[in-house]
Structure formats: structure tokens, C-alpha cells
Amino acid sequence: MAWFLGLGIAGVVLLALSFVLDGVLEGLLDGVSVVDGLLDGLLSLPVIAGFLSMFGFSGAIVLGSTGLGPVGATVVGVPAGVLTGWFAYRLSQALMRDSSGAAPRGDDLIGASGSVVTAIPADGYGEVLVHLAGQPMKLSAKSPVAVARGAEVWVEQALSQSAVSVRPVER
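This text gives an overview of the structure that appears in the document. From a predicted model like this one, the values you see are computed outputs, not experimental measurements.

Moving on: the overall build of the chain. Scanning the chain from N- to C-terminus turns up four helices and five strands. The N-to-C order of helical and strand elements in the chain reads α-α-α-α-β-β-β-β-β. Classification of the 171 residues of the chain by burial places 27% in the buried group. Across the chain, contacts joining residues at least 24 apart in sequence account for 50% of those joining residues at least 6 apart. Of the roughly 10800 Å² of accessible surface on the chain, 65% is carried by carbon and sulfur atoms.

The next point concerns helix H1 (residues 2-20). With 19 residues, H1 ought to run about 27 Å at 1.5 Å a step, and its terminal C-alpha atoms sit 27 Å apart, in line with that. Those residues of H1 that fall on the buried side of the exposure criterion are Phe4, Gly8, Gly11, Leu14 and Ser18. The arc that holds every buried residue of H1, seen down its axis, measures 120°, which confines them to one face. Exposed residues on H1 whose side chains face more than 90 degrees from its buried face are Ala2, Ile9 and Val20. Those residues of H1 hidden inside the fold are in contact with helix H3 (45-65) and helix H4 (69-97).

Structurally, the position occupied by Ser53 is in helix H3. At a separation of 3.3 Å, a polar atom in the side chain of Ser53 contacts the main-chain carbonyl oxygen of Gly50.

Turning our attention to the environment of Ala2. Inspection of the secondary structure assignment puts Ala2 in helix H1. Accessibility expressed as a relative area gives 65% for Ala2, which makes it exposed.

Turning to the pairing of strand E1 (residues 113-118), a few remarks are in order. For E1 and strand E4 (residues 152-158), the ladder comprises three bridges, and the chain directions are antiparallel. Along E4, the bridge assignment pairs Ser113 with Trp154.

Another aspect to go through is the sheet that holds strand E5 (residues 163-168). Overall, mixed pairing links the five strands, which are arranged E1-E2-E3-E5-E4 in a closed barrel. Direction aside, neighbouring strands of the sheet carry axes that sit 55° apart on average. Inspection of the sheet shows strand E2 (residues 124-132) paired to strand E3 (residues 135-143) by nine bridges, in the antiparallel sense. Among the inter-strand pairings, Tyr125 is bridged to a residue of E3, identified as Lys142.

Cut-offs and rules
Sequence positions are assigned chain by chain, starting from 1 and proceeding in written order. Where totals are concerned, whole chains, interfaces and linings use all residues; where local detail is concerned, this predicted model gives features only for residues with pLDDT of at least 70, and gives and counts side-chain atom pairs only at 80 or more. The side-chain values count all of the structure's non-hydrogen atoms but skip hydrogen atoms and water molecules. A helix here means a DSSP run of H or I that spans at least four residues, while a strand means a run of E at least two residues long, and both kinds are numbered starting from the N terminus. Summary of the burial criterion: residues with accessible area below 20% of their type's maximum are buried, those above 50% are exposed, and those between are partly exposed, where the area comes from a 1.4 Å probe applied to protein chains only. Contacts are assigned to residue pairs with any non-hydrogen atoms lying within 4.5 Å of each other. Calculation of accessible area relied on Shrake-Rupley with a 1.4 Å probe; when residues are assessed, cover is drawn exclusively from the protein chains displayed. Here the expected span of a helix is defined as 1.5 Å times the quantity of residues minus one. The directions from the helix axis to the C-beta atoms form the arc being described. In the analysis that follows, any N or O atom pair within 3.5 Å is treated as a polar contact, provided that within protein one partner can donate a hydrogen and the other can accept it, and provided that, for residues neighboring in sequence, both atoms belong to side chains. One requirement defines pairing of two strands: DSSP has to find at least two bridges between them. Convention adopted: a line fitted to C-alpha atoms gives each axis, helices being fitted over their contacting stretch, and angles between N-to-C directions are expressed from 0 to 180 degrees.

Structure below.
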């Protein structure tokens, strides 16, 4: 029973390590062209951890509660581990396909207000801090007129992913 409990505990420890070492096993096989794309996600740490822990713990339960012995515990533990590993694989694939957190684009900044962090010379670049959806974004900013540090500005146009054209707010 100690072997099965040890495998179960090793699986739980491996699962904890998978949060720190995310993607390590996938990276080990990147140079091998034979398995390239064949095992996408199947050799991930969460899948292996799920298999090991369920195999170990279910084997220990079978050994402790029945008289089947190590062979019977293995016969029960392997399918339970495979099922848990498959479930971990499917769950990770579903999470990877989730695209609800789209990054803001330059056009999303148009009309946003912000403040100048680094003074903007006339027809030159400075920096502004703009809040978009509650998140601060520090961007390079260009203005046709000089804008002093601390002044409030409006974004008129996205020049690139990290630069905008602004105009000062008139009061």
C-alpha cells in the first residue's frame, strides 16, 4: 500500500509543481520531429499528475478495502488514472481555447482621457497615462501643441500599438 500512496502523493506534488513549471515537459520534446504535434498537451504536468495521483490513491483504496492485492489494485488504478488524465487534458484544452480576455487595440483608446506623465513638446513625443476599462496604460504620445506634465488630455488617434495622438482638454 505504501507504493500506491507514494504514487498518489507524488502526483499531488507534481500537480503543485505544474503551477510553477508550466510547459516544461512540452518544451523537452520540441526538437523531436517524430512526436511534434502528436502529443500536444498529453505530456503536460497536470495530465501526468492527474494520472499518477488517481492511480496511486485508487490503488491504495482497493488494497486497503478489498483482498484483491497489488494486481487488482493496478487493474483498478490504471483506468482510473487514465480517466483522470484525460479529464485534465480536456479541461486544459478548454481553458486554452477561452478567448474572452481580448487585449485592447489601439482603436479602443480613441476618446479615452488621460494625464501627461512626461511633457510633450510641440510635434514631439512624451508619455501619457490612460485608463482603459479600469486598467492604467502608459503610452507614448504626440501632440501638435506643447502639453505640460500633469495636464489632462484626450486620445484622438492610435498611431501604433503603444503610441497615440492626443489633444489637451480645454477648460
